[in-house]
Amino acid sequence: MTDPTSPYSPSPETALSTADRLDQPPLRLAVIAASVRKERLSRVLADWVAGKAADIADVDLVDLAECELPDDEHLEPGGGPRSAIADRIDRADGYVIVTPEYNHSYPACLKRAIDWHYGEWMFKAATVLSYGVQGGLLAAEHLRGVFAELHVVTTRRVVGLRAPWNDIGDDGFTPPPGTGEALDEALRELTWWATTLHVARRDRPFQR
């Protein structure tokens, strides 16, 4: 469970209003920082996303640079031995993937994190905040096909940040005009899907 002292946890008032509105516990979103390079932006951008998302959900920031997965020799079809982050992925109702674009796709460490889990992702929702010289949107598009195989609904709205390193300062990421509003719209769509799928998983589990 998310640390209640975390700056990303919603206020009691927010959590209560969300629970009342959904007739369920507060929505849980996992924000996944997908780059593990030494010189990376995904953590500072994920911090910004998590702060925004905390207004509408209980947020768990999963930094892949801080997560060790088992050796790939143990990977099997449909996943593998339970990883250290499996429970955190499983608890989430939806995901925000914060990823750079590497060579017209997304980082290998993110693919490993996806492949090491299967049932934990199923029938959830995800949106993507990508970044790169041209906004990193090829990373977002490649993720759609991968997540479809895992029964994850990706939102139509995603956010692409063009050269965000120009907007990083001592206080973190300062979004250019319109960027915060674009993220709000993507999060609004994400929470609709995440809520709808939460109810469906609870009341009408998919029969395989």
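Residues numbered from 1 in each chain as written. Predicted model: local features only at pLDDT ≥ 70, side-chain atom pairs only at ≥ 80, totals over all residues. Heavy atoms only, no water.

> Any details on the overall build of the protein chain? Residues and values, ideally.
Helix and strand counts for the protein chain come out as six helices and eight strands. Traced from its N-terminal end to its C-terminal end, the protein chain shows the element sequence α-β-α-β-α-β-α-β-α-β-β-β-β-α. In the protein chain, which comprises 208 residues, the proportion classed as buried is 49%. Relative to all contacts within the protein chain whose residues are 6 or more apart in sequence, the contacts with residues 24 or more apart total 81%. Accessible surface computed for the protein chain: about 10700 Å², of which carbon and sulfur atoms make up 51%. (Helix = DSSP H or I, 4+ residues; strand = E, 2+ residues; numbered from the N terminus. Buried < 20%, exposed > 50% of the residue type's maximum accessible area, 1.4 Å probe, protein only. Contact = heavy atoms within 4.5 Å. Areas by Shrake-Rupley, 256 points an atom, 1.4 Å probe, with all protein chains shown as cover.)

> A description of empty space enclosed by the protein should follow, citing residues and the corresponding values.
Under the counting rule described, the total for this entry stands at two cavities of 30 Å³ or more. Computed from the structure, the second largest cavity encloses a volume of approximately 30 Å³. Lining the second largest cavity are Ile32, Leu64, Ile85, Ile89, Leu110, Ala113, Ile114 and Trp121. Its residues assigned to classes, the lining of the second largest cavity shows eight nonpolar, no polar and no charged. (1 Å grid on protein atoms, 1.4 Å probe; cavity = no way out; pocket = protein on both sides within 12 Å on 5 of 7 lines; lining within 4 Å. Points joined across faces, edges and corners; volume = space filled by probe spheres on them. Nonpolar A, V, L, I, M, F, W, Y, C, P; charged D, E, K, R; others polar.)

> Summarise the packing of helix H2 (residues 42–53) against helix H6 (residues 179–203); cite the residues concerned and give the values.
What describes two packed helices is the angle between their axes and the distance between those same axes. Where H2 meets H6, the closest approach of the two axes is 11 Å, and the angle between their N-to-C directions is 60 degrees. In terms of orientation, H2 and H6 fall into the oblique class. In this structure, the crossing between H2 and H6 has a hand that is right-handed. For the pair H2 and H6, contact is made by Trp48, Val49, Lys52 and Ala53 and by Thr179, Gly180, Leu183, Asp184 and Leu187, respectively. Among the residues forming the contact of H2 with H6, the class breakdown is five nonpolar, two polar and two charged. (Axes fitted to C-alpha atoms, helices over the stretch in contact; angles between N-to-C directions. Parallel < 35°, antiparallel > 145°, perpendicular 65-115°, else oblique. Left-handed = near helix turned anticlockwise from the far one by under 90°.)

> Account for the confidence of the model for the protein chain, with residues named and values stated.
Averaged over every residue, the pLDDT of the protein chain is 89; residues scoring 70 or more account for 88%. The low-confidence segment residues 1–6, where pLDDT is below 50, has eight contacts with residues more than four positions distant or belonging to other chains. Here residues 9–20 is modelled with pLDDT under 50, and outside its nearest four sequence neighbours on either side it reaches 17 contacts, counting other chains as well. (pLDDT = per-residue confidence, 0-100.)

> Hey, could you go over the nonpolar core for me, with residue numbers and the actual values?
Core analysis: the largest hydrophobic core is formed by 29 residues, its most contacted members being Val31, Leu45, Val49, Val98 and Leu129. Mapped by element, the contributors of at least two residues to this core are strand S1 (28–33), H2, strand S2 (58–63), strand S3 (94–100), strand S4 (125–132), strand S6 (159–162) and H6. Contacts of Val49, omitting those with residues within four sequence positions, involve Val31, Val96, Val98, Leu129 and Leu183. Counting 26 residues, the second largest nonpolar core, distinct from the first, contains Val62, Trp116, Ala140 and Phe147. (Core = buried A, V, L, I, M, F, W, Y, C linked by side-chain atoms within 4.5 Å.)

> Provide a residue-level description of the pattern of salt bridges, including the pertinent values.
For the coordinates displayed, the defined rule picks out 17 salt bridges. Among the salt bridges present, the one from Asp60 reaches Arg88, with a minimum N-O distance of 2.8 Å. With Asp60 in strand S2 and Arg88 in helix H3 (residues 86–91), this pair connects stretches of sequence that are 28 residues apart. Assessed through its relative accessible area of 25%, Arg88 is described here as partly exposed. Across the pair Glu185 and Arg188 runs a salt bridge whose closest N-O atoms are separated by 3.0 Å. Pair noted here: Glu185 and Arg188 are both in helix H6, with a separation of three residues, about one helical turn. Since its relative accessible area comes to 31%, Glu185 is described here as partly exposed. Each of the salt bridges in this network shares a partner with another, and the network as a whole consists of Arg40, Arg43, Asp47, Asp63 and Glu66. (Salt bridge = Lys/Arg side-chain N within 4 Å of Asp/Glu carboxyl O.)

> If you had to explain unusual backbone geometry to someone new, which residues and values would you point to?
A positive phi is found at Phe123, a non-glycine position, where the angle reads about 60 degrees. Position of Phe123 among the secondary structure elements: in the loop between helix H4 (108–115) and S4. Residue Phe123 is classed as partly exposed on the basis of its relative accessible area, which comes to 22%. A positive phi angle is found at His151, which is not glycine, with a value near 65 degrees. Exposure remark for His151: the relative accessible area of 31% places this residue in the partly exposed category.

> Quick one: what's the story with the side chain of Thr179, residue by residue and with numbers?
Along the chain, Thr179 turns up in helix H6. Take Thr179: its relative accessible area is 10%, and that puts it in the buried class. Contacts of Thr179, omitting those with residues within four sequence positions, involve Trp48 and Leu161.

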